[in-house]
2 protein chains.
Amino acid sequence: MQTPSPSARPHVVIIGCGFGGLEAARKLQRADVDVTVIDKTNHHLFQPLLYQVATAGLAAPSIAAPVRALFRKQANVTTLLAEVTGIDPAARTVQLADGSQVAYDHLIVAAGATHSYFGHDEWAPAAPGLKTLADAFEIRRRVLMSFETAETTADPERRRALLTFVVIGAGPTGVEMAGTLAEIAKHTLAGEFRRIDPGSAQVLLVEGGPRVLQAMPESLSQKALEQLERLGVEVRLNARVTAIDNAGLEVQTGGGPDGAPLQSYRIPSSCVVWAAGVAASPLGRLLGNATGVECDRAGRIKVEPDLSLAGHPEISVVGDLAAAMSHAPGKPPKPVPGVSPGAKQAGRAAAANILRRLAGQPTVPFRYADYGNLATIGRNSAVVDLGTPFGPLRFSGRPAWLFWLFAHAYFLIGFRNRVVVMWDWASAYWSFQRNARVVADVQGRSES
Amino acid sequence: MQTPSPSARPHVVIIGCGFGGLEAARKLQRADVDVTVIDKTNHHLFQPLLYQVATAGLAAPSIAAPVRALFRKQANVTTLLAEVTGIDPAARTVQLADGSQVAYDHLIVAAGATHSYFGHDEWAPAAPGLKTLADAFEIRRRVLMSFETAETTADPERRRALLTFVVIGAGPTGVEMAGTLAEIAKHTLAGEFRRIDPGSAQVLLVEGGPRVLQAMPESLSQKALEQLERLGVEVRLNARVTAIDNAGLEVQTGGGPDGAPLQSYRIPSSCVVWAAGVAASPLGRLLGNATGVECDRAGRIKVEPDLSLAGHPEISVVGDLAAAMSHAPGKPPKPVPGVSPGAKQAGRAAAANILRRLAGQPTVPFRYADYGNLATIGRNSAVVDLGTPFGPLRFSGRPAWLFWLFAHAYFLIGFRNRVVVMWDWASAYWSFQRNARVVADVQGRSES
């Protein structure tokens, strides 16, 4: 069916209820507009903690809040659980997978990103990425089932492959995954198996670049590397993945300007996690084609300083789908990083600009307030890089870890989640246990 | 591979780590035996609260504890995640799905039950039952997606079918499901939809017999019926299901000795839950064929007073897989009901009899201590029937509900679970919200 604006008020349609979409809708709370939020899942996902669902530390409901419940008290929001298959900027309509259309006066596209295999989509079954709850459950299943299968496997070679965990990509997600996997092997499962020693499991972190956490200053990359190694993670830098299959992967090193010889070797592994590449949602290119606006190599669409599209001031794009720049007065524009504060700020800014347009005022360029960067690695291990008026404040180890912990618990959506997550973390810290070691379907048709 | 007993000590193999298997293994904690626990999942499931996972009140990890972690400190237990495909009483081995075998000196079979469609297995896709976490996730998905789809459906007939929820079978699970579904429709989702009124949803409880909770005394059945109707559940008694498909079900009434006319009608519904029939695990008949011991109509194998099999004192069967009798001195034997206390007591008794045999002592007949029966219906609604030395103590309503609540929280495995469950229940009670309204995969390839 055709969905008209529920009233004569301007109709703002928001595609995606991640950080960007949620903040945009909230910004419009008291505005005299109708808002329709369209998401293809029923929940807003707190993605910074998704790796903890994948590593059995948290239950899914702790980091996922029903979209509908978030807007229960915001009467001007209608929620649609639907997949967007197209946007028609000329007709100002959004097409849904069920064949229906939603008309808009203003559109905010916040459809986010998915993982990218750099043209090797055939790697996906052997090396799942981590973007959705379903992804997290699949990785959780693979990790736990690797230990289980190793316990009943007599062949030492196969057992070795089952106890070799490989994380590809040493960005924040890859570093968190690798550190946590090492913790699971060394601590969580200690003493639970009778035939294998889970502590003998190998956790490899394979990175194509010369250091981990490349978005961080070099000194913190070094700290993170040391902490990873202390947790038992083997880090392979300057190592490019050239093939992945169900039995393992192939890695190439050298051949660069430093003159190191080109070498290739194979790592047998039954559990490979992809944390290397991110690509914008396909809606980016679709919108680019429809409006004639350029996309960058990662599929992100280029936006104007006010986050709208050139020639289409009624369409804004925020979050991981946008190639956006931050415009501080008197400084050259800087790219906005693909982190949650960037998406949240842009969501609010795009909504504010819509309100300005409705009031007949000029829009304002987006300025990203960068409060810094932080990444956790494992128990008592993290790195923090804060911007302060007195210059950067950098620290690592346990203080950084505590900072990370409270920052993430603070930003979690919903009071219930915060309490349960803090409880789970506290009990995990003291007991070395993880509270969500549940596989609903060991055969893995995908699951809980 | 062949799994021999890890030492020269007697090897006790336990199939299934539900209530019966878990208690049996624990009873053997200090015994000079080796124990191998085989389960086809990685978790012990607290089944009395499974309906709360299905109705989005609890996260799966709250009611599921990893089997391995439960036995971490019990050094004589080896855990195997494996499916048992056969038992060879002559060779005293258990066959696993991967082709390997496990030899035993003593065997406790506690493989439990599954749902039975009374010869209509073709109904299963349209009316999932509730025995495993995967079942619970599937029902959660169907319930939540029915409301979501109704919100985007214009056709009033289809919308009505989407908002008609049918639970078949008014035993404890059916009553809990129906009561909770009514609560979700009337309270949890109130105010969250803009096009449909979730409160207009119909929840039907269809029962073939003349009353709900037939294991309860008639006065409590009547109380339960009143409480169900107060919550908004429409109860159809003496109504036999004759067909189920994806669009609804057919129900027949009358034709009985009371002279009521035979009538047949159709209920259009997109969400049907099967809570009517239980059948023993197929291992029952398999074991019956191999030992020549008889099974009853539900596939439960008949056991001797000491829970062993006739002619095979080294094999015991406990829990829902056993047709067991309780032997109180001076009283005629009484069937043991298929409830968790029955399985737990039988598990302990079977293990104790193994220890007696090892010590050269005679085994002891099983005596079931019946502390009563309780069932919850919904907010402030439950019925309790306790046996006391002064006769039965029966109560219903809020006191019964509080009693049910604390009893279930008390018996939950693991301290973490108890705290998180109590927190979820308390917040749900005050806010009318449910904390696990998450569907990981809206397309439903099965999930979390």
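Residues numbered from 1 in each chain as written. Chains lettered and ligands numbered in written order. Predicted model: local features only at pLDDT ≥ 70, side-chain atom pairs only at ≥ 80, totals over all residues. Heavy atoms only, no water.

Novice: It is not clear to me how the overall build of chain A should be interpreted in this structure. Could you clarify?
Specialist: For chain A, the helix and strand inventory stands at 11 helices and 28 strands. Expected size for 448 residues packed as a compact globule is a radius of gyration near 22 Å; at 23 Å, chain A falls within 12% of this value. If one aligns the C-alpha atoms of chain A with their principal axes, the spans along those axes are about 70 × 50 × 40 Å. The proportion of buried residues among the 448 residues of chain A is 57%. (Helix = DSSP H or I, 4+ residues; strand = E, 2+ residues; numbered from the N terminus. Rg over C-alpha atoms; globule rule 2.2 N^0.38 Å. Buried < 20%, exposed > 50% of the residue type's maximum accessible area, 1.4 Å probe, protein only.)

Novice: I keep staring at the interface of chain A and chain B and nothing clicks. Help me out?
Specialist: Accessible area lost upon the coming together of the parts is a frequently used measure of interface size. Across the contact, 59 residues belong to chain A and 59 residues belong to chain B. Counting each side, the surface lost to burial between chain A and chain B is near 4,900 Å², with a carbon and sulfur contribution of 56%. Our count for the contact surface shared by chain A and chain B stands at 4 salt bridges. Across the pair A:E148 and B:R68 runs a salt bridge, and its minimum N-O distance is 2.7 Å. Elements supplying a minimum of two residues to the side of chain A that touches chain B: β5 (64-66), α3 (67-70), β6 (77-81), α4 (133-151) and α11 (415-431) of chain A. Here the side of chain A that touches chain B is composed, by residue class, of 29 nonpolar, 16 polar and 14 charged. (Contact = heavy atoms within 4.5 Å. Buried area = accessible area lost by both parts, 1.4 Å probe. Salt bridge = Lys/Arg side-chain N within 4 Å of Asp/Glu carboxyl O. Nonpolar A, V, L, I, M, F, W, Y, C, P; charged D, E, K, R; others polar.)

Novice: What is the right way to read the relation of the copies chain A and chain B from this model?
Specialist: A rotation about an axis combined with a shift along that same axis relates the two copies of the chain. You can overlay chain A on chain B at an RMSD of 0.0 Å; the transform is a turn of 180° with a shift of 0.0 Å along its axis. On this basis, the relationship between the two copies can be described by a two-fold rotation axis. A share of 100% of interface residues in chain A that are also interface residues in chain B marks the association as one of identical surfaces. (Least-squares fit on C-alpha atoms with pLDDT ≥ 70 in both.)

Novice: Any chance you could explain the pattern of salt bridges here in plain terms?
Specialist: Oppositely charged side chains are able to pair whenever their charged atoms sit close together. For the structure shown, the criterion picks out 32 salt bridges over all chains. Between A:R92 and A:E314 there is a salt bridge; the shortest N-O distance is 3.7 Å. Here A:R92, found in the loop between β7 (84-88) and β8 (93-96), pairs with A:E314, found in strand β22 (residues 312-317); they are 222 residues apart in sequence, far enough to count as distant. Its relative accessible area of 5% is what places A:E314 among the buried residues. Measuring nitrogen to oxygen at the nearest pair gives 2.9 Å for the salt bridge that ties B:R141 to B:E138. In this pair, B:R141 and B:E138 are both assigned in helix α4 (residues 133-151), 3 residues apart and thus about one turn of the helix distant. We note that B:R141, like B:E138, is buried. One salt-bridge network, held together by shared partners, links A:R9, A:D32 and A:D34.

Novice: What's the story with helix α1 (residues 19-27) of chain A in this structure? I'm lost.
Specialist: Because the α-helix completes a turn every 3.6 residues, residues three or four places apart line up on one side. All names here are of chain A. α1 sits mainly inside the fold: 7 of its 9 residues count as buried. Three or more residues of α1 are buried, namely F19, G20, G21, L22, E23, A24 and A25. Buried positions along α1 lie against β2 (11-15), β3 (34-39), β4 (43-45), α3, β10 (106-109) and α9 (340-358).

Novice: Where do I start with the domain arrangement of chain A in this structure?
Specialist: Residue and element names in this part refer to chain A. Entries for chain A in the domain assignment read domain 1 (2-40 + 82-115 + 279-358) and domain 2 (123-275). Of note, the centres of domain 1 and domain 2, computed from C-alpha atoms alone, are 36 Å apart. Between domain 1 and domain 2, the contact holds 4 residues from the first and 5 residues from the second. When the two sides are added together, the surface that domain 1 and domain 2 hide from each other amounts to roughly 290 Å², 60% of it contributed by carbon and sulfur. Area buried by domain 1 at its contact with domain 2 is led by A113, T114 and H115, which between them contribute 93% of it. Counting across the interface, domain 1 meets domain 2 through 0 salt bridges. (Domains from an automatic or database assignment.)

Novice: Where do I start with the packing of aromatic side chains in this structure?
Specialist: Where two aromatic rings form a pair, the distance of their centres and the angle of their planes describe that pair. One pass over the structure, following the stated rule, counts 16 aromatic pairs over all chains. For the pair B:F395 and B:F403, a centre-to-centre distance of 5.9 Å together with 80° between the ring planes defines the contact as edge-to-face. Assessed through its relative accessible area of 33%, B:F403 is described here as partly exposed. Among the aromatic residues, ring-to-ring pairing joins A:Y117, A:F118, A:W123 and A:W274 into one connected group. Over the aromatic face of B:F193 sits the side chain of A:R68, whose NZ or CZ is 3.9 Å from the ring centroid. (Phe/Tyr/Trp six-rings, centres within 6.5 Å; stacked < 30°, edge-to-face > 60°. Lys NZ or Arg CZ within 6 Å of the ring centre and 35° of its normal.)

Novice: Can you walk me through the packing of helix α1 (residues 19-27) of chain B against helix α9 (residues 340-358) of chain B in this structure?
Specialist: To describe two helices that pack against each other, one gives the angle between their axes and the distance between the axes. All names here are of chain B. The geometry of α1 relative to α9 is characterised by a closest axis approach of 7 Å and an angle of 35° between their N-to-C directions. Here the hand of the crossing between α1 and α9 comes out right-handed. In this structure, α1 contributes F19, G20, E23, A24 and K27 to the contact, and α9 contributes S340, A343, K344, G347, R348, A351, A352 and L355. (Axes fitted to C-alpha atoms, helices over the stretch in contact; angles between N-to-C directions. Left-handed = near helix turned anticlockwise from the far one by under 90°.)

Novice: In this structure, what is going on with the sheet that holds strand β18 (residues 271-274) of chain A? I would like to understand it.
Specialist: Two pairing modes exist for strands in a sheet, parallel and antiparallel, and in both the strands are linked by backbone hydrogen bonds. Residue and element names in this part refer to chain A. Strand order across the open sheet formed by 4 strands is β14-β13-β12-β18, with parallel pairing between neighbours. A single partner strand is all that each edge strand has here, and the edge strands are β14 (233-236) and β18. Adjacent strand axes in the sheet meet at a mean angle of 20° when their direction is disregarded. The sheet contact formed by strand β12 (residues 164-168) and β18 spans 4 bridges and is parallel. (Pairing = 2+ DSSP bridges.)

Novice: Can you walk me through the environment of A:H43 in this structure?
Specialist: Within the element layout of this structure, A:H43 appears in strand β4. Separated by 27 residues in sequence, A:H43 and A:L70 have C-alpha atoms that sit 9.2 Å apart. Aside from chain neighbours lying at most four places away, what touches A:H43 is A:A64, A:A65, A:P66, A:V67, A:L133, B:V438, B:V439 and B:A440. A polar contact is formed between the side chain of A:H43 and the side chain of A:N42, at a distance of 2.9 Å. (Polar contact = N/O pair within 3.5 Å; in protein donor to acceptor, adjacent residues only side chain to side chain.)

Novice: Sorry, what's going on with the pairing of strand β3 (residues 34-39) of chain B here?
Specialist: The side chains of a regular strand alternate between the sheet's two faces. Residues and elements named next belong to chain B. Among the 6 residues in β3, 6 count as buried, and that is most of the element. Neither face of β3 is left uncovered, since the one carrying D34, T36 and I38 and the one carrying V35, V37 and D39 both have all their residues buried. Sheet topology places strand β2 (residues 11-15) next to β3; 5 bridges connect them, and they run parallel. When the bridges of β3 are listed, H11 appears paired with D34. Of the pairings in the sheet, the one linking β3 to strand β6 (residues 77-81) comprises 5 bridges and is parallel in character. Note that in β6 the partner of D39 across the bridge is L81.

Novice: I'm lost on the sheet that holds β22(A) in this one. Help?
Specialist: All names here are of chain A. Taking strand neighbours across the sheet as the criterion, the 6 strands line up as β6-β3-β2-β10-β22-β21 in an open arrangement whose pairing is mixed. Of all strands in the sheet, those bounded by a partner on one side alone are β6 and β21 (308-309). Two strands pair when backbone bridges link them, and β21 and β22 are joined in this way by 2 bridges, in the antiparallel orientation. Paired with L309 across the two strands is H312, which belongs to β22.

Novice: What is the right way to look at the pairing of strand β10 (residues 106-109) of chain B in this model?
Specialist: All names here are of chain B. Alternating positions in β10 separate into two faces, H106 and I108 on one and L107 and V109 on the other, with burial throughout. Relative to β10, β2 runs parallel, the two being bridged by 4 bridges. Within β10, the position partnered with V12 by the bridge is H106. With 3 bridges connecting them, β10 and strand β22 (residues 312-317) associate as parallel partners. Bridged to L107 within β22 is I315.

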